Amino acid sequence: MGLLSDPVRRRALVRLVLRLNAPLCALSYAAGIAWFLALAFPPLTQRTYMSENAMGSTMVEEQFAGGDRARAFARDFAAQRRKLGALPVAWLERTMRAVGLEVYTQSFSRTLPFPDETHERYMVSGTNVYGILRAPRAASTESLVLTVPCGPDSPNSQAVGLLLALAAHFRGQIYWAKDIIFLVTEHDLLGTEAWLEAYHDVNVTGMQSSPLQGRAGAIQAAMALELNSDVVTSLDVAVEGLNGQLPNLDLLNLFQTFCQKGGLLCTLQGKLQPQDWTSVDGPLQGLQTLLLMVLQQASGRPHGPHGLFLRYRVEALTLRGINSFRQYKYDLVAVGKALEGMFRKLNHLLERLHQSFFFYLLPALSRFVSIGLYMPAAGFLLLVLGHALELWMQLHEAGVGPKEAGAASGPSPPLPPAQGVGLASLVAPLLISQAMGLALYVLPVLGQHVAAQHFPVAEAEAVVLTLLAIYAAGLALPHNAHRVVSSQAPDRGWMALKLVALIYLALQLACIALTNFSLGFLLAATMVPAAALTEPTGPRPLYAALLVLTSPAATLLGSLFLWRELQEAPLSLAEGWQLFLAALAQGVLEHHIYGALLFPLLALGLYPCWLLFWNVLFWK
């Protein structure tokens, strides 16, 4: 307490902090980036292991042998689909009843906020078909789900055929202790969302659907299957769900275990697992997979039907059959046996999956990084925002400025306190920046029809162009609110505004990193250095270029280029720009359809905060 109450000793402490702050911030940022890159290397990456005792052994004998039956079902389904031009609901009902299921249908409709040009749809209506296999050994209190999404671009005929063949096989077994729901949805994720909302009797997205006539027990786990070929060379698993949610790690371990038992080749992010983790090549390959997962998770998109199940606390995975030019091929029997083994092990569960991790990163299917090991990377980056401490000391310590920090640290007589900066002077820039964020969130969808009437563009293009126009208009606004600050302390106005902006940014990034580490880390790695360096003195063009290059929109654009580079499908500038525009439209659309939070986070939080730093840079 004596150190803080003695003015001379307090001033010495201030000088020490001001002198060491810049090198400590630089060191902290470098440590955060280095820590993240080291996550793919042992010992930070650990071997996966099964935590749930009921799923710890694969000693079940898979008996599925209905490959021919699955292929026959697939041919009939494809023929009926071509004939009708839509999901053959009547044929599915007939076939499911023939194999012994309780069959029900659900109709749904949804008018999108603006046309989805990627899938060419606007007013969507469809029908879901599902059959329930009642457990012969227990009451209908718990259930499992096997679902196949069907859409115009992904008919999934072989997946439907395998689902029906598995239903016929499961019907002949007596050991089921949980109901099993076999679900075929129309219009991909829209049908899945409609069914989930009706099953849980909620309406969170404005979907219009008929109530379900048949229900099973509480859903414990779900598997989504996507197959478009009679043979596969590998099974790729998708784990990233809506808003970065992940399934319990034990479910992923179960998938890998049965793939190994059946000799199936399994991949993550389309990448094979490294075989040698003792050399540098293995961890470097794992780093590519980890970066792909970070980019996928940061997008907040559901990368498969499983991503919507996670919202309802249902652990789920999406399995995609890949038919590439690899030498070894696997038929539907091998895939069916893997699914049968997984469902039999899930049938043993006495409670929901909870013993393993819900927060993790995956450099490979057999390796994971737990939350306790990857959070320090974000922590080191956020420490850079400790630059706010320097500003606070300069604002509250009389007579201490940046130039005095390097002076001799000897005692000096106390100086009269400098004039403070009222909070009222900061209200105008804060309100203007927040209003721009609100306009960015509200106006593109509300004003799409007006823009389409006055300009030769479609509604979807009008939404994207309005987004870009409002985003650019925020840079051109004459933020002259700082003129109300007293002329006796001209530098203290921008220092106070930057202090508020740094605290605002730190709170946002910390909260985002706790729920979606990937998004929080990417934003911190790009925005933090520019936020710490920005000030109206010094090389203003350089700071302006740095701010623009680290803005939320530039971060999205750079992430798209990095994502395609890691997928070994690099983009040209023109292709990257078109993909960027499509990503903007999809981000807005998925927020209104599924409740994805990336768009409101950027529009209402990070963009206004970034505008505050832009305001600081051009402070007069």
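Residues numbered from 1 in each chain as written. Predicted model: local features only at pLDDT ≥ 70, side-chain atom pairs only at ≥ 80, totals over all residues. Heavy atoms only, no water.

### Side note on a negative patch on the surface
Thought 1: On the surface, Glu117, Glu120, Asp153 and Glu461 cluster together into a negatively charged patch.
Thought 2: Topologically, Asp153 is positioned in the loop between β4 (142-150) and α5 (157-171).
Thought 3: Judged by relative accessible area, Asp153 falls into the exposed class, the value being 58%. (Patch = residues over 30% accessible without salt bridge, like charges linked within 9 Å, V, L, I, M, F, W, Y side chains within 5 Å. Areas by Shrake-Rupley, 256 points an atom, 1.4 Å probe, with all protein chains shown as cover. Salt bridge = Lys/Arg side-chain N within 4 Å of Asp/Glu carboxyl O. Lys, Arg positive; Asp, Glu negative; His and termini not counted. Charge placed at Lys NZ, Arg CZ, Asp CG, Glu CD. Helix = DSSP H or I, 4+ residues; strand = E, 2+ residues; numbered from the N terminus. Buried < 20%, exposed > 50% of the residue type's maximum accessible area, 1.4 Å probe, protein only.)

### Focus: the packing of aromatic side chains
Thought 1: Going through the model one piece at a time under the given rule, you end up with 20 aromatic pairs.
Thought 2: Relative to Phe368, the ring of Phe357 lies with its centre 5.1 Å away and its plane at 45 degrees, an arrangement referred to as tilted. Separated by eleven residues along the polypeptide, Phe357 in the loop between α10 (332-346) and β13 (360-364) and Phe368 in strand β14 (residues 367-370) bring together distant segments of the chain.
Thought 3: Look at Phe368 and you get buried, because its relative accessible area is 0%.
Thought 4: Feature note: the residues Phe170, Tyr175, Trp176, Phe182 and Phe343 constitute an aromatic cluster, connected by ring pairs.
Thought 5: Taking the ring centre of Tyr199 as reference, the NZ or CZ of Arg215 above it sits at 5.7 Å. (Phe/Tyr/Trp six-rings, centres within 6.5 Å; stacked < 30°, edge-to-face > 60°. Lys NZ or Arg CZ within 6 Å of the ring centre and 35° of its normal.)

### Some points on the sheet that holds strand β1 (residues 46-47)
Within a sheet, each strand pairs with its neighbour through backbone hydrogen bonds, oriented either parallel or antiparallel.
Thought 1: Spatially, β1-β14-β13 is the arrangement adopted by the three strands of the open sheet, whose pairing is antiparallel. Both outer strands of the open sheet, β1 and β13, are each paired with one neighbouring strand and no more.
Thought 2: With three bridges connecting them, β13 and β14 associate as antiparallel partners. The partner of Ala364 across the bridge, within β14, is Arg367.
Thought 3: Along the sheet face, helix α11 (residues 371-383) touches β1, β13 and β14 and points at about 60 degrees away from the line of β14. (Pairing = 2+ DSSP bridges. Contact = heavy atoms within 4.5 Å. Axes fitted to C-alpha atoms, helices over the stretch in contact; angles between N-to-C directions.)

### What to know about a nonpolar patch on the surface
Thought 1: Residues Leu16, Leu20, Leu24 and Leu27 make up a contiguous nonpolar surface patch of roughly 370 Å² in combined accessible area.
Thought 2: Structurally, the position occupied by Leu27 is in helix α2 (residues 7-37).
Thought 3: In this structure Leu27 comes out as exposed when scored by relative accessible area, which is 58%.

### Some points on the UniProt feature "transmembrane region" (unreviewed entry) in the protein
Thought 1: Those residues carrying the UniProt feature "transmembrane region" (unreviewed entry) are residues 20-41, 357-385, 421-443, 455-477, 497-530, 542-563 and 593-618 in this numbering.
Thought 2: In the segment residues 20-41, helix accounts for 82% and strand for 0%; the C-alpha atoms at its two ends are 32 Å apart.
Thought 3: The span residues 593-618 shows a helical share of 85% and a strand share of 0%, and its end C-alpha atoms are spaced 39 Å apart. (UniProt positions renumbered as here; feature names shortened; annotations may be inferred.)

### Quick look at the nonpolar core
Thought 1: Counting 179 residues, the largest nonpolar core has Leu162, Trp195 and Phe255 as its most contacted members.
Thought 2: A per-element tally of this core places helix α21 (residues 598-617) first, with 13 residues.
Thought 3: The contacts of Leu162, once residues within four sequence positions are left out, are Phe64, Ala70, Leu225, Leu227, Leu332, Val335, Gly336 and Leu339. (Core = buried A, V, L, I, M, F, W, Y, C linked by side-chain atoms within 4.5 Å.)

### Things to note about the pattern of salt bridges
Thought 1: Throughout the structure, instances matching the rule amount to eleven salt bridges.
Thought 2: We note a salt bridge from Asp68 to Arg71, for which the minimum N-O separation is 2.4 Å. Remark: Arg71 and Asp68 occur in helix α3 (residues 67-84); sequence separation between them is three residues, near one turn of the helix.
Thought 3: Using a relative accessible area of 58% as the deciding quantity, one classes Asp68 as exposed.
Thought 4: Measuring nitrogen to oxygen at the nearest pair gives 3.3 Å for the salt bridge that ties Arg134 to Asp179. Of this pair, Arg134 sits in the loop between β3 (121-133) and β4 while Asp179 sits in strand β5 (residues 179-186), and the two are 45 residues apart along the sequence.
Thought 5: Relative accessible area serves as the criterion here: at 28%, Arg134 is assigned to the partly exposed category.
Thought 6: Taken together, the salt bridges that share partners define one network made up of Glu102, Arg134 and Asp179.

### Overview of the sheet that holds strand β2 (residues 102-116)
Thought 1: Judged by pairing direction, the sheet is mixed, and its nine strands sit side by side in the order β6-β2-β3-β5-β4-β7-β11-β9-β10 without closing on themselves. Each edge of the open sheet is held by one strand with a lone partner, namely β6 (208-209) and β10 (266-268).
Thought 2: In this structure, β2 lies alongside β6, joined through two bridges in antiparallel fashion. Note that in β6 the partner of Ser109 across the bridge is Gln208.

### Concerning the packing of helix α7 (residues 249-262) against α10
Thought 1: Between α7 and α10, the shortest axis-to-axis distance is 9 Å and the interhelical angle comes to 140 degrees. Between α7 and α10, the angle is such that the two are oblique. Note on packing geometry: the crossing formed by α7 with α10 is right-handed. Only Ala338, Gly341, Met342, Lys345 and Leu346 of α10 make contact with α7, whose side of the interface consists of Leu251, Leu254, Phe255 and Phe258. (Parallel < 35°, antiparallel > 145°, perpendicular 65-115°, else oblique. Left-handed = near helix turned anticlockwise from the far one by under 90°.)

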